[in-house]
Amino acid sequence: MKEKIQLLQNQIKELKISNITELEQFRIQFLGTKGIIKDLYTDFKSVPNEEKKEIGQLVNNLREIAEDLFSSHKELFESAENEGAKIDFSRPGEVFSIGSHHPISLVRAEIIDVFSKIGYAVSDGPEIEDDWHNFSALNFPPEHPARDMQDTFFIEKGENEMALRTHTSSVQVRVMENQKPPIRTISPGRVYRNEAISARAHCFFHQVEGLYIDKDVSFADLKQTLLHFAKEIFGEKAQIRLRPSYFPFTEPSAEVDVSCSICNAKGCNVCKNTGWLEILGCGMVDPNVLEACGIDSTIYSGFAFGMGIERITQLKYKVNDLRLYSENDIRFINQFKSSL
Ligand code: PHE
């Protein structure tokens, strides 16, 4: 029996238990109610009396070794299991639902970025304007159709006439009244016009208007500034062309087309096969406007331009219905997730 116990002791020492299942097998085999050690105690009964002391100690010793081995491994596996519960490196990562910027915000930020880099400040003004800032200071004749009820949302008629601004040129009047040249500023903002809502027109939209006033500012400066802008927004290949136009606040005035970036100016349905897309209005600030804002038009000259952000966004992202911008359809907005 001594040899048997010795053999078992060696066997236990050489055991490699590497997981909880193996540990349970070990427990059943050695310490279970029908296990090896239980059998040894049964055998022990038939050991001659004179050997009982010695053999009894050996069996007890073996039981202790087995129990120690069992409890130390149990502890080890349990603590490993707890650690594992804290950090499970094999678990798939959680998907964060990131928001998206509205395309108008994206393009507005992009336009601001282009002009900030060439020294333009950003100016802000109220959306509810008086007649002076929206029309009179900008050289609108009293009977100009833009003042008409059909174009403008009036809040108050009569002496204290107040209306929702129809363009952000009103902000530029405020800047000219409050700052001395040189002035280089852009005014992004929401504007309102009394139009029936359709795919191509809306009762509100967004503009960025620019103003540059200094000594010796020329039409050539305006052209180069706008060409730079077009290349930054539509790519290095972009070209512009200017067509004569009319605005009360600029003289001469022009409308600016950019070469169609959708068909590379070859002609498509967006540019109606002309290869050109109209993107903004511009011109040299009318001396009457400078004078109305307290700037000496014999010393200073300047240019101004204005564009609709929706229009630029439409061309960049091929959105063909203006209503999409304000319907808050999450499926529309979600498409701009990674655009910034
Ligand atoms: N204010 C004009 C508009 O709303 C745009 C414009 C700005 C044109 C400056 C010329 C110069 O349409």
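These figures come from a predicted structure and were not determined experimentally.

K.L.:
Can you break down the nonpolar core residue by residue, with the values?
P.N.:
Core analysis: the biggest nonpolar cluster contains 43 residues, and Ile111, Phe229, Leu280, Phe305, Met307 and Ile312 have the highest contact counts within it. For this core, the secondary structure elements donating two or more residues are helix H5 (103-116), strand S6 (204-214), helix H8 (219-234), strand S8 (250-259), strand S9 (276-285), strand S10 (301-308), helix H10 (309-317) and helix H11 (330-333). If we skip the residues at most four places from it in the chain, leucine 280 touches Leu226, Phe229, Ala254, Glu255, Val256, Phe305, Gly306 and Met307.

K.L.:
How would you explain the site of the ligand if you had to name every residue and give the values?
P.N.:
In the vicinity of the ligand there are 13 residues, among which His167, Ser169, Arg193, Gln207 and Glu209 approach most closely. Between a nitrogen atom of the ligand and a side-chain N or O atom of histidine 167, the distance comes to 3.1 Å. The separation between an oxygen atom of the ligand and a polar side-chain atom of arginine 193 is 2.9 Å. Secondary structure elements with two or more residues in the shell around the ligand: S6, S9 and S10. The biggest single contributor to the shell around the ligand is S10, with three residues. Here the shell around the ligand is built from residues that sort into five nonpolar, six polar and two charged.

K.L.:
Give a description of the side chain of histidine 133 that names residues and reports values.
P.N.:
Relative to the helices and strands, histidine 133 resides in helix H6 (residues 131-134). Given a relative accessible area of 8%, histidine 133 falls into the buried group. Reaching out from histidine 133, the side chain makes a polar contact with the side chain of aspartate 130 at a distance of 2.8 Å. Within the structure, histidine 133 has its side chain in polar contact with the side chain of arginine 174 (distance 3.5 Å). Setting aside residues up to four positions removed in sequence, histidine 133 forms contacts with Leu138, Ser170, Val173, Arg174 and Glu177.

K.L.:
Provide a residue-level description of the packing of aromatic side chains, including the pertinent values.
P.N.:
A full pass over the atoms with the stated rule returns 14 aromatic pairs. Ring plane angle 55° and centroid distance 6.4 Å describe the contact between tyrosine 192 and phenylalanine 204, whose orientation is recorded as tilted. Separated by 12 residues along the polypeptide, tyrosine 192 in strand S5 (residues 183-192) and phenylalanine 204 in strand S6 bring together distant segments of the chain. Ring pairs connect the aromatic residues Phe115, Tyr120, Tyr212, Phe229, Phe303 and Phe305, which therefore count as one cluster. The lysine or arginine in question, arginine 190, covers the ring of phenylalanine 204, its NZ or CZ lying 4.5 Å from the ring centre.

K.L.:
Help me get a handle on the environment of glutamate 67, residues and values and all.
P.N.:
Structurally, glutamate 67 can be placed in helix H4 (residues 49-86). With relative accessibility at 35%, the residue glutamate 67 sits in the partly exposed group. As a C-alpha pair, glutamate 67 and phenylalanine 30 span 37 residues in sequence and 9.0 Å in three-dimensional space.

K.L.:
Outline the sheet that holds S10, supporting the account with residue identities and numerical values.
P.N.:
Reading across the sheet, the seven strands line up as S1-S5-S6-S10-S9-S8-S7 and stay open at both edges, with mixed pairing between neighbours. Strands with a single pairing partner mark the edges of an open sheet, and in this sheet they are strand S1 (121-122) and strand S7 (240-247). The pairing of S7 with S8 spans seven bridges and is antiparallel. Counterpart to serine 245 in the pairing with S8 is serine 253. Most of the contacts of H5 go to S5, to which it runs at about 165°, and overall it touches S1, S5, S6 and S10. Strands in contact with helix H7 (residues 169-178) are S5, S6 and S10; relative to S6, the strand with the most contacts, it is inclined by about 30°.

The rules we used
Residues numbered from 1 in each chain as written. Predicted model: local features only at pLDDT ≥ 70, side-chain atom pairs only at ≥ 80, totals over all residues. Heavy atoms only, no water. Core = buried A, V, L, I, M, F, W, Y, C linked by side-chain atoms within 4.5 Å. Buried < 20%, exposed > 50% of the residue type's maximum accessible area, 1.4 Å probe, protein only. Helix = DSSP H or I, 4+ residues; strand = E, 2+ residues; numbered from the N terminus. Contact = heavy atoms within 4.5 Å. Near = heavy atom within 4 Å. Polar contact = N/O pair within 3.5 Å; in protein donor to acceptor, adjacent residues only side chain to side chain. Nonpolar A, V, L, I, M, F, W, Y, C, P; charged D, E, K, R; others polar. Phe/Tyr/Trp six-rings, centres within 6.5 Å; stacked < 30°, edge-to-face > 60°. Lys NZ or Arg CZ within 6 Å of the ring centre and 35° of its normal. Pairing = 2+ DSSP bridges. Axes fitted to C-alpha atoms, helices over the stretch in contact; angles between N-to-C directions.

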